[in-house]
Amino acid sequence: MNISQAVSVRIVDLCRERNITINKLCTISGVTQSTVNDIVNHRARNIGIVTIKKLCDGLDITITDFFDTDYFKGLEQEIY
């Protein structure tokens with residue numbers, strides 16, 4: 001799993017945990033539907049930390065909470 005995939009899976013998991021749709025997350029976080037769709041459908045390779053922070057705010061969690069999961073432990077360095 002790469003970082004983009006890990007972010008995607010984490011967002012989907014958090015929405016499921018909170019019983020909200022991706023569309024609802026977009027509304028409460030102020031991130032466009034197309035941006036979040038690109039993230040969750042693995043079309044976004046470089047997801048900005050500002051975008052992740054907005055999504056975290058919408059989910060009422062900290063960035064630390066977002067990244068504190070096994071998805072992000074042991075990721076390989078990505079070289080493009």
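Further up the page is the structure itself.
Here goes a summary of the coordinates provided.

Quick notes on the rules
In every chain, residue numbers begin from 1 and rise along the written sequence. Where local features are concerned, this predicted model is filtered to residues with pLDDT of at least 70; where side-chain atom pairs are given and counted, the filter is 80 or more; whole-chain, interface and lining totals use all residues. Hydrogens are left out, water is left out, and the side-chain values use all remaining heavy atoms of the structure. Elements are defined by DSSP. Helices are runs of H or I of four residues or more, strands are runs of E of two residues or more, and each kind is numbered from the N terminus. Within these notes, the globule rule equals 2.2 Å times the number of residues to the 0.38 power, and the radius of gyration is based on C-alpha atoms. Residue burial is assigned from relative accessible area. The probe radius is 1.4 Å, only protein chains are included, and a residue is buried under 20% of its type maximum, exposed over 50%, and partly exposed in between. Geometry of aromatic contacts follows a simple scheme: Phe, Tyr and Trp rings, the Trp one being its six-membered ring, pair when their centres are within 6.5 Å, and the pair is stacked under 30 degrees between planes, edge-to-face over 60, tilted otherwise. Only buried residues count toward a nonpolar core. Its members are Ala, Val, Leu, Ile, Met, Phe, Trp, Tyr and Cys residues joined through side-chain atoms within 4.5 Å. Between two residues, a contact is recorded if the distance between any of their heavy atoms is within 4.5 Å. The criterion for a disulfide is a pair of cysteine sulfur atoms lying within 2.5 Å.

### Considering the overall build of the protein chain
1) Next: Assigned secondary structure in the protein chain consists of five helices and zero strands.
2) Next: The order of α-helices and β-strands along the protein chain, N terminus first, is α-α-α-α-α.
3) Next: In terms of C-alpha radius of gyration, the protein chain reaches 12 Å, essentially the compact-globule figure of 12 Å for 80 residues.
4) Next: Buried positions account for 36% of the 80 residues belonging to the protein chain.

### Let's talk about the packing of aromatic side chains
1) Next: Counted by the stated rule, this structure contains three aromatic pairs.
2) Next: When the ring of Phe 66 is compared with that of Phe 67, the centres are 5.1 Å apart and the planes differ by 85°; the resulting orientation is edge-to-face.
3) Next: Of the residues examined, Phe 66 reaches a relative accessible area of 1% and is grouped as buried.
4) Next: Overall, the relative accessible area of 27% leaves Phe 67 in the partly exposed class.

### Things to note about the nonpolar core
1) Next: Among the nonpolar cores identified, the biggest contains 21 residues, and Val 7, Ile 11, Ile 22, Val 36, Ile 39, Leu 55 and Phe 66 are the most heavily contacted of them.
2) Next: Mapped onto this core, the elements with two or more residues apiece are helix H1 (3-18), helix H2 (22-29), helix H3 (33-40) and helix H4 (49-59).
3) Next: With five residues, H1 is the single largest residue contributor to this core.
4) Next: Excluding anything up to four places from it in sequence, Phe 66 contacts Val 7, Arg 10, Ile 11, Leu 14, Ile 52, Cys 56, Ile 61 and Phe 72.

### Things to note about the state of the cysteines
1) Next: According to the stated counting rule, one finds zero disulfides in the structure shown.
2) Next: Cysteine Cys 26 remains unbridged, with the sulfur of Cys 15 as its closest cysteine sulfur at 8.2 Å.
3) Next: Since its relative accessible area comes to 7%, Cys 26 is described here as buried.
4) Next: Not part of a disulfide, Cys 56 finds its nearest cysteine sulfur in Cys 15, a span of 11 Å.
5) Next: Residue class for Cys 56 comes out buried when judged on its relative accessible area of 1%.

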